[in-house]
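Structural features, examined
The residues making up each chain are set out below.
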Amino acid sequence: MTTQTEKKFETVIGLEVHLQFKTRTKIFCGCANEFGNQPNTQTCPICLGLPGTLPVFNRTALEYAIKVALALNAKVSSTIKFDRKNYYYPDLPKGYQISQFDKPIARDGFIMIPTASSEKRIGIHRAHLEEDAGKIIHDSDIKASLVDYNRTGTPLMEIVTEPDLRSPQEAYDYLTTLKLILKYLDVSDCDMEKGSLRCDANISVREVGETILRTKTELKNMNSFKAVKIALEFEEARHRAVYLAGETITQETRLWNEIKQMTVTMRSKEQAHDYRYFPEPDLVPFIVSTEQIDEIRQTLPEFPEAKLNRLKNQYGLNDYDANVLVQEKAIANFFEDCCKIYQEPKKICNWLTGAIAAEINSRNNDIVQLKISPQNLTALIAKVENGVVSNLVAKDILTMMIDSGQSADIIIAEKGLAQVSDDSALEKVIDEILAANPGVVAQIKEGKDSAKGFLVGQAMKKTQGKANPKKLGEMITRRLLNA
Amino acid sequence: MITKKDVEYIAGLARIHLQDQEIEKLTGNLEDILGYIEKLEKLDVSQVEPTSHALPVQNVFRDDVVRPSLSQSDALKNAPQQHNGAFKVPQVIE
Ligand SMILES: [Zn+2]
């Protein structure tokens, strides 16, 4: 038995990501592609699958798909054809889904994901374009299912990895890296809560050294990247336990149960898949020229990894700071706009990742909608650096700037927030503080230097934070020496 | 060789109810169709481009411009059952 437990296992994971495009309209009809509207208010005879209608391909959906293919370093197919995937389920009004079977738009790509020591290449097996299905609401009260076809026909790209991932953590890192790339492309909201990004996982476990894959299970129903990771961890442990018990894994689809925190077998009836793919006769082929692909390549943004390296080199930022900025393209752009006006990258970065990030969080907003311009922010930072306002007051000013959209200058003037630099005014404040705290003064004179901080704090309070604490400290020291 | 069982399976996938005589008739029909296909398979098509479409037409696109959708009541007009603006169908998961 001991040899059994000493077995060294290896986990093999492949992921399928479904990405909804944020085109204005659906993939094959002119219905609005919007989330959250009243049920069945965005349908037409085409997406309802009524007889006699014909789908017409959305030009922008193809453009977005080619963008994704290029971002995944994949080969773009020069001929695009669609196929029918036949299955009968109420979320599919036509009884089939228009998808791509043997000729996906993209194949043989890869992305690099960060690892503890460097990075790892994760192969992209294929990515294809299809139409999304409708949404089924299960209503146990009326013992029926309710169908909303608003989502039916939303352009969807399925991105399938090679079985290159070796741990649930790697799967998680792949997903976060992929999501950031996709967000930079600006073709999707990438919002798992709204279902514009969804992920299924395939997992198998084998002994180290084995070359062929063992039986896999497919995991569905994970509603966050974290859930994907935990579901994979659960399933990895289950596979190992089954093998250690000398039993075998059954190939099946399992659903992640968020409440029970476990995977459970999907009923076999729902798994009976026989899709009977055949070429979609209602859509003619689409030819993509190399010129067209090159044209689209020109529109690609700078990707997160390249931007990270450039921010480090160009502005001397450390890895951590650059990484934080790169997480939001708009923040990274805002940073660079600020640096053009005010050449203090590190200080600008600190403001963006500190006070500004806090404002964005508390307001549940983003930098674009926040009423602050690079001009106004850098002007405020300059005021701190020039000693016009203290760091503490500057944070309050920032809040007021965002509330009102006004510049720091106007707010400082209107509210009289400029730092008190007039020595005689400060001397007067110190007089009062020293007189009011004879005990503390005595302690300092006896050598307890740390008590000075208390007096500085009192003086700051008295000036409503408008004094420079460093200057106050120096003035108090001078006074006590001369006394 | 198409059997009665194959026909029942395909009918099940397509959600069609067939009478026994129909199953028998269709078993023969499908067998004949497969016979034609077998004949076609004997042809040498190694020099022929695969065709997914009969028309010599390519690249028929639509611009990404919103057009009015049906109203909710129009969309639901043909639904045998509806509930709260949704199509009501037999329960698919209990
Ligand atoms: Zn439609």
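Residues numbered from 1 in each chain as written. Chains lettered and ligands numbered in written order. Predicted model: local features only at pLDDT ≥ 70, side-chain atom pairs only at ≥ 80, totals over all residues. Heavy atoms only, no water.

**Regarding the coordination of the zinc ion**
All names here are of chain A. Put simply, the rule is: Counted as donors are N, O and S atoms no farther than 2.8 Å from the metal, or 3.2 Å for Na, K and Ca; water is not among the atoms, and sites may therefore look incomplete. Labels for metal geometry use angle windows, namely 85 to 135 degrees for all angles of a four-donor tetrahedral site, and for square planar (four donors) or octahedral (six donors) sites opposite donors over 155 degrees apart plus all others within 65 to 115; sites meeting none of these are irregular. A run of H or I in DSSP becomes a helix once it reaches four residues, and a run of E becomes a strand once it reaches two; helices and strands are each numbered from the N terminus. Only protein chains enter the area calculation, which uses a 1.4 Å probe; residues under 20% of their type maximum are buried, those over 50% are exposed, and those in between are partly exposed.
For the zinc ion, every protein donor is listed as Cys29 (SG), Cys31 (SG), Cys44 (SG) and Cys47 (SG), and the spread of their distances is 2.3 to 2.4 Å. Note that the zinc ion binds 4 donor atoms; their angles at the metal cover 101 to 115°, and the shape is tetrahedral. Taken in chain order, the donor set of the zinc ion reads C-x1-C-x12-C-x2-C. Of the two residues, cysteine 29 sits in the loop between β1 (9-20) and β2 (57-58) while cysteine 44 sits in the loop between β1 and β2, which places them 15 residues apart along the sequence. Residue classification places cysteine 29 among the buried residues on the basis of a relative accessible area of 3%.

**Overview of the nonpolar core**
Note on soluble globular proteins: their nonpolar side chains tend to be buried together. Residue and element names in this part refer to chain A. Inclusion rule: For our purposes a nonpolar core is just a set of buried Ala, Val, Leu, Ile, Met, Phe, Trp, Tyr and Cys residues, chained together by side-chain atoms within 4.5 Å. By the convention used here, residues are in contact when the closest approach between their heavy atoms is within 4.5 Å.
Counting residues in each nonpolar core, the largest one holds 64 residues, and the members touching the most others are Leu15, Phe57, Val68 and Tyr174. Looking at which element gives the most residues to this core, the answer is helix α2 (residues 59-71), with 9 residues. Residues within four places of leucine 15 in sequence aside, it is in contact with Ile159, Val160, Thr161, Leu165, Ala171, Tyr174, Leu175, Cys199, Asp200, Ala201 and Val228. In terms of nonpolar packing, the next biggest core, distinct from the first, is built from 40 residues, Leu180, Tyr184, Val326 and Met401 among them.

**Examining helix α9 (residues 329-341) of chain A**
Residues and elements named next belong to chain A. Here is the rule we go by: Multiplying 1.5 Å by the residue count of a helix minus one yields the expected span of that helix.
A rise of 1.5 Å per residue sets the reference length of α9, with its 13 residues, at 18 Å; its end C-alpha atoms lie 19 Å apart and thus fit the reference within 8%. Inspection of α9 places Ile331, Ala332, Phe334, Phe335, Glu336, Cys338 and Cys339 among the buried residues, and these make up the whole buried set. Residues of α9 that are buried sit in contact with α7 (304-315), α8 (319-326), α10 (345-363) and α11 (374-385).

**Let's talk about the domain arrangement of chain A**
Our working rule: Residue ranges labeled as domains rest on an automatic or database domain assignment.
Parsing chain A into structural domains produces domain 1 (4-292), domain 2 (304-415) and domain 3 (423-482). For domain 2 of chain A and domain 3 of chain A, the distance between their C-alpha centres works out to 33 Å.

**Quick look at the sheet that holds strand β5 (residues 83-86) of chain A**
The strands making up a sheet associate through backbone hydrogen bonding, with each pair oriented either parallel or antiparallel. All names here are of chain A. Rules: Paired strands, as defined in this entry, are two strands with at least two bridges between them according to DSSP.
Spatial strand order, β6-β5-β16: 3 strands in an open sheet with antiparallel pairing. The open sheet terminates on both sides in strands that have one partner only, identified here as β6 (96-99) and β16 (278-279). Pairing analysis gives 2 bridges linking β5 to β16, with the strands arranged antiparallel. Along β16, the bridge assignment pairs arginine 84 with phenylalanine 278.

**Some points on the interface of chain B and chain A**
Heads up, the rule is: Buried area is understood as the total, over both parts, of accessible area removed when two parts are fitted together, assessed with a 1.4 Å probe. Any Lys or Arg side-chain nitrogen located within 4 Å of an Asp or Glu carboxyl oxygen qualifies as a salt bridge. For this analysis, a polar contact is any N or O atom pair within 3.5 Å, provided that within protein one partner can donate a hydrogen and the other can accept it, and provided that sequence-adjacent residues contribute only side-chain to side-chain pairs. Nonpolar residues are Ala, Val, Leu, Ile, Met, Phe, Trp, Tyr, Cys and Pro. Charged residues are Asp, Glu, Lys and Arg, and all others, Gly as well, are polar.
Tallying the contact residues gives 34 residues for chain B and 52 residues for chain A. Of the roughly 3800 Å² buried between chain B and chain A, counting both surfaces, carbon and sulfur atoms make up 57%. The largest per-residue losses of area from chain B upon contact with chain A belong to Phe61, Arg62 and Asp64 of chain B, which jointly make up 21% of the total buried on that side. At the surface where chain B touches chain A, the tally comes to 1 salt bridge. Of the charged contacts in the structure, one is a salt bridge between aspartate 63 of chain B and arginine 59 of chain A, with a shortest N-O distance of 2.9 Å. Summed over the shared surface of chain B and chain A, the result is 21 residue pairs in polar contact (both at pLDDT 80 or more). Of all the secondary-structure elements, those providing two or more residues to the side of chain B that touches chain A are α1 (4-13), β1 (61-62), α3 (72-75) and β3 (86-90) of chain B. Here the side of chain B that touches chain A gets 5 residues from one element, more than from any other, and that element is β3 of chain B. Across the side of chain B that touches chain A, the residue classes break down as 16 nonpolar, 11 polar and 7 charged. By the bridge criterion, 4 bridges tie strand β10 (residues 144-148) of chain A to β3 of chain B in an arrangement that is antiparallel. The residue of β3 of chain B that forms the bridge with alanine 144 of chain A is proline 90 of chain B.

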